[in-house]
Amino acid sequence: MNICVLSRNENLYSTKRLVEEAEKRGHEVYVIDYLDCDIVIEESNPFIFYQGKHIPLPDAIIPRIGASKTYYGSAVVRQFEMMHVFTSVKSQAIVRARDKLRSMQILSQQGLGLPKTAFSAHPEQIKSLMKQVGGPPIVIKLLEGTQGKGVVLAETLNAAKSALDAFFGLKANILIQEYIKEAKGRDLRVFVVNGLVVASMIRKGLQGEFRSNLHQGGVAEKVRLTKLERETAINAAKALGLSIAGVDLLQSNRGPLVMEVNSSPGLEGIETISGKNVAAEIIKYIEMNAFRKKIKDKIGA
């Protein structure tokens, strides 16, 4: 197969690993920067130019869309979908997962465990909202934040007011969440591919740091998931329509709680800690499903 990885940087660990595993399995693979793709739309004939040239269609694409480029990146993925190219992650699922509020609403509707969450356009509602989520302390999150950035723990009403004033002053959209004390600054990263858990790890924040993200200096180690944790991660990915997902769970007294679901989860931490070949699992998934799509398209033609 011809496989195209949509990535801003071909030297990133995740991109390199996907290329490496695809080539190992006999595929032709190349990387293109999705921001260098020009979308051309006309009646019954969508196509894409890359760096001014009409590119031949691949059999499959693997989107690695950065959070700050979600709008354009997902539009490029959607264009490939319109051209009947198999994508490992659908454009709609990328957009759905990137909107923290929307994803929480969908997960809630599916009956999955979540930290209690509140959202308001008015900072003066903070006292009422804090009460709704059982605080203080509370966690304040930017809707567009990623890798632990734009996440604040407010331990008092005054601290919450100060943080919210700053966020609202920047016209940022934020949500307020219940602080899960018993998690002790730890969370689970569960990697789901095609409805199966292929790798997992537990991440721990540094001393005095409630964020466990590796990008914020956290550390990680292997972990054995419970049956309920595995089921929760699989169901969270399914609810958002993600065939490939990194699901972040908090261990609470009332069971696993979904903190976030990532549509372009990094491979470096999870492969290093778990010892699992996650990139190979992604390529196997693409092999199986891109082939099926080709057959379906031929039958439908």
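Above this text you will find the structure in question.
For clarity, every value in this text was computed on a predicted model and none was experimentally measured. (Residues numbered from 1 in each chain as written. Predicted model: local features only at pLDDT ≥ 70, side-chain atom pairs only at ≥ 80, totals over all residues. Heavy atoms only, no water.)

Break down the overall build of the protein for me, citing the residues and quoting the values.
Looking only at helices and strands, one finds nine helices and 16 strands in the protein. Relative to its full complement of 301 residues, the protein shows a buried share of 49%. Of the contacts formed within the protein by residues at least 6 apart in sequence, a portion of 66% connects residues at least 24 apart. For the protein, the computed accessible surface area is about 15200 Å², with 50% contributed by carbon and sulfur atoms. (Helix = DSSP H or I, 4+ residues; strand = E, 2+ residues; numbered from the N terminus. Buried < 20%, exposed > 50% of the residue type's maximum accessible area, 1.4 Å probe, protein only. Contact = heavy atoms within 4.5 Å. Areas by Shrake-Rupley, 256 points an atom, 1.4 Å probe, with all protein chains shown as cover.)

Run through the sheet that holds strand 16 (residues 255-262), naming residues and quoting values.
The strand order 14-13-12-15-16 describes an open sheet built from five strands, whose pairing is antiparallel. The outermost strands of the open sheet, each flanked by one partner alone, are strand 14 (219-221) and strand 16. With strand direction ignored, the average angle separating the axes of adjacent strands in the sheet is 30 degrees. Note that strand 13 (residues 196-204) and strand 14 share three bridges and pair antiparallel. Within the sheet, the bridge partner assigned to Ile202 lies in strand 14 and is Glu221. Along the sheet face, helix 7 (residues 227-239) touches strand 12 (186-193), strand 13, strand 15 (244-252) and strand 16 and points at about 135 degrees away from the line of strand 15. (Pairing = 2+ DSSP bridges. Axes fitted to C-alpha atoms, helices over the stretch in contact; angles between N-to-C directions.)

Explain the environment of Leu225 residue by residue, including any values.
Relative to the helices and strands, Leu225 is located in the loop between strand 14 and helix 7. Between the C-alpha atom of Leu225 and that of Met201, which follows or precedes it by 24 residues, the distance is 8.8 Å.

I'd like a description of the pairing of strand 15, backed by residues and values.
Across the nine residues that make up strand 15, a large majority, eight, are buried. Examined bridge by bridge, strand 12 and strand 15 share six bridges and lie antiparallel to one another. Paired with Leu188 across the two strands is Leu249, which belongs to strand 15. Relative to strand 16, strand 15 is paired through seven bridges, and the arrangement is antiparallel. Residue Val247 lies in a different strand from strand 16, and its bridge partner there is Val261. A loop of two residues connects strand 15 with strand 16, the two strands running antiparallel in sequence.

Account for helix 7, with residues named and values stated.
With 13 residues, helix 7 should cover 18 Å at 1.5 Å per step; its first-to-last C-alpha distance of 18 Å lies within 8% of that length. Glu229, Thr232, Ala233, Ala236 and Ala237 are the residues of helix 7 that are buried. Buried positions in helix 7, seen along its axis, are confined to an arc of 125 degrees and lie on one side of it. Pointing more than 90 degrees away from the buried face of helix 7 are the exposed residues Lys227 and Lys238. After helix 7 finishes, the residue Gly241 shows a positive phi value of roughly 75 degrees. (Expected span 1.5 Å × (residues − 1). Arc of directions from axis to C-beta.)

Quick one: what's the story with the nonpolar core, residue by residue and with numbers?
Grouped together as the largest cluster of nonpolar side chains are 65 residues, with contacts concentrated most on Leu6, Phe191, Val247, Val261, Ile282 and Ile286. In terms of residue count, helix 9 (residues 278-300) provides more of this core than any other element does, seven residues in total. Beyond its immediate sequence surroundings of up to four residues, Phe191 is in contact with Leu196, Val197, Val198, Ala199, Ile244, Ala245, Pro265, Gly266, Leu267, Ile270, Val278 and Ile282. Counting 15 residues, the second largest nonpolar core, distinct from the first, contains Ile126, Leu129, Ala154 and Ile176. (Core = buried A, V, L, I, M, F, W, Y, C linked by side-chain atoms within 4.5 Å.)

Just give me the short version of unusual backbone geometry, but keep the residues and values in it.
At Gln51, a residue that is not glycine, the phi angle is positive and equals roughly 50 degrees. Inspection of the secondary structure assignment puts Gln51 in the loop between strand 4 (47-50) and strand 5 (53-54). The class of Gln51 is exposed, set by a relative accessible area of 53%. A positive phi angle, near 55 degrees, is found at Lys184, a position not held by glycine. Mapped onto the fold, Lys184 is located in the loop between strand 11 (174-178) and strand 12.

Can you tell me about helix 3 (residues 91-98), naming the residues and giving the values?
Every buried residue belonging to helix 3 is among Ser91, Ala93, Ile94, Arg96 and Ala97, and all of these are buried. Looking at the buried positions of helix 3, the neighbouring elements they touch are strand 6 (60-63), helix 2 (70-82), helix 4 (100-109) and strand 16.

Please set out the pattern of salt bridges residue by residue, giving values where relevant.
The full count for this structure, using the stated rule, is 14 salt bridges. Between Arg8 and Asp33 there is a salt bridge, with its nearest N and O atoms 2.8 Å apart. In this pair, Arg8 is assigned in the loop between strand 1 (2-6) and helix 1 (13-24) and Asp33 in the loop between strand 2 (28-32) and strand 3 (37-40), connecting sequence segments 25 residues apart. On the accessibility criterion, Arg8 (42% relative accessible area) is partly exposed. With a closest N to O distance of 3.9 Å, Lys100 and Glu260 form a salt bridge. Of this pair, Lys100 sits in helix 4 while Glu260 is found in strand 16, placing the two residues 160 residues apart along the sequence. Taking relative accessible area as the criterion, Lys100 reaches 10% and is therefore assigned buried. For Glu260, a relative accessible area of 22% translates into the label partly exposed. A single network of salt bridges, built from pairs that share partners, joins Arg17, Glu20, Glu21, Lys24 and Glu271. (Salt bridge = Lys/Arg side-chain N within 4 Å of Asp/Glu carboxyl O.)

Structural measurements only, silent on function.
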